Amino acid sequence: MVSASLSQGRGYSPLQQLALACLGLLTLATPVLAVSFGAAQIGVAEVLEVLLAKLSGADPGGVTARILIELRLPRILLAFIAGFGLALAGAVLQTVTRNPLADPYLFGISSGASLGAVVVITLLGGVGGVLASVGLPLGAFIGASLAVLMVLALCGRDLNTQIERMLLSGVAISFLFGALASLMLYFSGPQSAASVLFWSLGSFAKASWQMLWLPWLLVLVASAILLLLKRQILAIQAGDETAHTLGIRVQRLRLVSLLLCSLITAVLVANCGGIGFVGLMVPHMVRLLLPGRFALLLTALVGGLFMIWVDVLARCLLSYQELPVGIITAVIGSLFFLFILGGKRSN
Amino acid sequence: MSAPNQQVQTESLQAHGVSEGANLDVAVGDGACARPALSVRELSWRCGERAILSEVKLDLPEGKMLGIIGPNGAGKSSLLRCLYRFLTPSSGEIQLFGQPIASLSARAFAREVAVVLQDTPQHFDMTTAQLVALGLTPHKAAFSMTTKADRLAVSQALETVGLKDRAGQTYASLSGGEKQRALIARAIVQQPKLLILDEPTNHLDIRYQIQILELLKALGVTVVISIHDLNLASALCDQLLLLDQGKAVAQGSPKQVLSEVQIARVFGVCCQVSPHPQHGNPQINYFYGYHNHLQNSGKNDRHSEPQGEQPLEAKEANHGER
């Protein structure tokens, strides 16, 4: 039984408190543990030694230190911010559209990004180096933004039909951009097709200190605005008309939320490729743990941690090569939904 | 209501082509210095070509409870929606404490007026306390946190409606009456000067219906509700506004509005009105047996039930409109 009083610990049950405590421990331990996994096995003690040395300003030499600092740490940071942003965007979109199946990718973002990536890969296919490494994220970002702006332009200003038009135009734009991307791929060489496929399945392998700042900056700024608007976003959950009577300008808030979520998703897709199911699944997981609480920040944190460990799996499952992250999240996601379906039936 | 201090002429039906009976000359307000909390002038709203509300007038003194009654489709919900600015009137003006409501910002308006609606969305996953805390929204700037005082306001509102031990439960797990009370607690947290409720007694058993309305009266704010149960409206509302086809047919105390003639004319049923043994306001006993009538004749004839009581010219005028 959930204890009732608001003033005492805001009414978390012992089980929930235990889960929260575990989550807190996991948050602290994850960076140290996660970097120790990979092709080269590095002990936790060694990780701590290197990290402490780095933090105290010294330069820990050696191959191990370079692997940790230059390869694995940025990768974990990228994975974290990707999971953080996607989970938050998913939770917010599910709330403002009052649709439990809403997802950052539902509004044409991933297909728009794919189209942008395909254009860059097929046009600059032969060109290597700097141009390709900058061009791919840029192309994907432009494609994603284009798709979202088209959805926004189509969803109209009528409050009664806004959600429906948003979802339907998102689906339509997805198919349209997907078709265009397929068409371009069809006329391009097998090499570009392979690299587009690899990109679209998602990976954090390209993470480096030089590219980290942009996704971190954009995701943190957009997330901060969304978190500060939480009270207003929550009110939409009670229905558009009720939200209106609470002094909220519903259409505008919904468009702003969609725009911010799209910004988060677009910058992440551009840098990590298409990683599905996180934005859909993590909010549901947190909701199962804490029914009726809308713990947005917690959802985002769980998303970030989840993504780090998925990436660890991607690095370690096969000894000779990496698995694409998107495949693992999709497998876990579909199993998770089958599990929920089973639970619903037994109720 | 025997000696009203203040006679306010509200509703003259000449404009609508209905002859005015003595019962339509309305005396409003038993307080001496009651200023109008809400005043509506010539309010019309049309949906495309169809006039849903035409030239509705009403005045409501502060602290009183107004019940809006009328048949289905009379425009009760539309009138309420105009009052809480979800619909923009085609013409006319609504004033709240002397201020046109159109001049207020969305948030400022929500600090003055709280609304309890009938339906909540399907996927509504919130605890009761969280739902009640939504009432803080108009009082909080976009980026402010929930303070200790806010939590206190929420738990006090829950106590007022008797739901303190339900705070941590999900809203979906509450019973119908508890849900309605939780929504009222949300409105209390909003600290409104005017509280609007769309059929707050729907789907509730009779005990909850009485409980909800008495709770609303005890709050001491100005209240506007739409309500179907005429006996309940008679017992607990200070004033009634009778709507028919978008027009205000009568406004005043239950005694003034709920006459046999009036009910027959607007609702098309025969009834007998007698003073209630406890509160003395009209108590309505309906007569039955409309089935054959419904089958044999068109819609117009539902108004021909109370043969002897209705003045002929009123009947004529009423039929002419339809």
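Residues numbered from 1 in each chain as written. Chains lettered and ligands numbered in written order. Predicted model: local features only at pLDDT ≥ 70, side-chain atom pairs only at ≥ 80, totals over all residues. Heavy atoms only, no water.

In the nomenclature of an unreviewed UniProt entry, chain B corresponds to ATP-binding cassette domain-containing protein from the organism Shewanella insulae. What UniProt records for chain B under Sequence similarities (unreviewed entry) is the sentence "Belongs to the ABC transporter superfamily." (UniProt positions renumbered as here; feature names shortened; annotations may be inferred.)

Within an unreviewed UniProt entry, the label attached to chain A reads Iron chelate uptake ABC transporter family permease subunit, and the organism entered is Shewanella insulae. UniProt annotates chain A under Sequence similarities (unreviewed entry) with the comment "Belongs to the binding-protein-dependent transport system permease family. FecCD subfamily." Here is the UniProt Subcellular location (unreviewed entry) comment for chain A, exactly as written: "Cell membrane".

Time to look at the pattern of salt bridges. A side chain with one charge can pair with a side chain of the opposite charge if their charged atoms come near. Residues and elements named next belong to chain A. What the rule picks out here adds up to 13 salt bridges over all chains. Ionic pairing is found between Arg66 and Glu70, a salt bridge with its closest N-O pair at 3.3 Å. Here the residue Arg66 and the residue Glu70 both occupy positions in helix H3 (residues 63-96), the gap between them amounting to four residues, near one helical turn. Overall, Arg66 belongs to the exposed group, its relative accessible area being 54%. A salt bridge links Glu322 to Arg75, with the nearest nitrogen and oxygen atoms 2.7 Å apart. One end of the pair, Glu322, is in the loop between helix H13 (296-316) and helix H14 (325-346); the other, Arg75, is in helix H3, and 247 residues separate them in sequence. Taking relative accessible area as the criterion, Arg75 reaches 7% and is therefore assigned buried. (Salt bridge = Lys/Arg side-chain N within 4 Å of Asp/Glu carboxyl O. Helix = DSSP H or I, 4+ residues; strand = E, 2+ residues; numbered from the N terminus. Buried < 20%, exposed > 50% of the residue type's maximum accessible area, 1.4 Å probe, protein only.)

What follows deals with the interface of chain A and chain B. Size of an interface, as often reported, equals the accessible area lost when the parts are brought together. Listed by partner, the interface residues are 31 residues for chain A and 39 residues for chain B. Contact between chain A and chain B buries roughly 3000 Å² in total, counting both sides, with carbon and sulfur atoms accounting for 62%. Connecting chain A to chain B are one salt bridge. Note that Glu241 of chain A is salt-bridged to Arg81 of chain B, the shortest N-O span being 2.7 Å. (Contact = heavy atoms within 4.5 Å. Buried area = accessible area lost by both parts, 1.4 Å probe.)

On to the sheet that holds strand E5 (residues 99-100) of chain B, then. Strand pairing in a sheet is mediated by backbone hydrogen bonds. Such pairs are either parallel or antiparallel. All names here are of chain B. The four strands lie next to each other as E2-E1-E4-E5, forming an open sheet whose pairing is antiparallel. Lying at the two open borders of the sheet, with one neighbouring strand each, are strand E2 (50-61) and E5. Bridge count between strand E4 (residues 91-96) and E5: two bridges; the pairing is antiparallel. When the sheet's bridge partners are listed, Gln95 is paired in E5 with Pro100. (Pairing = 2+ DSSP bridges.)

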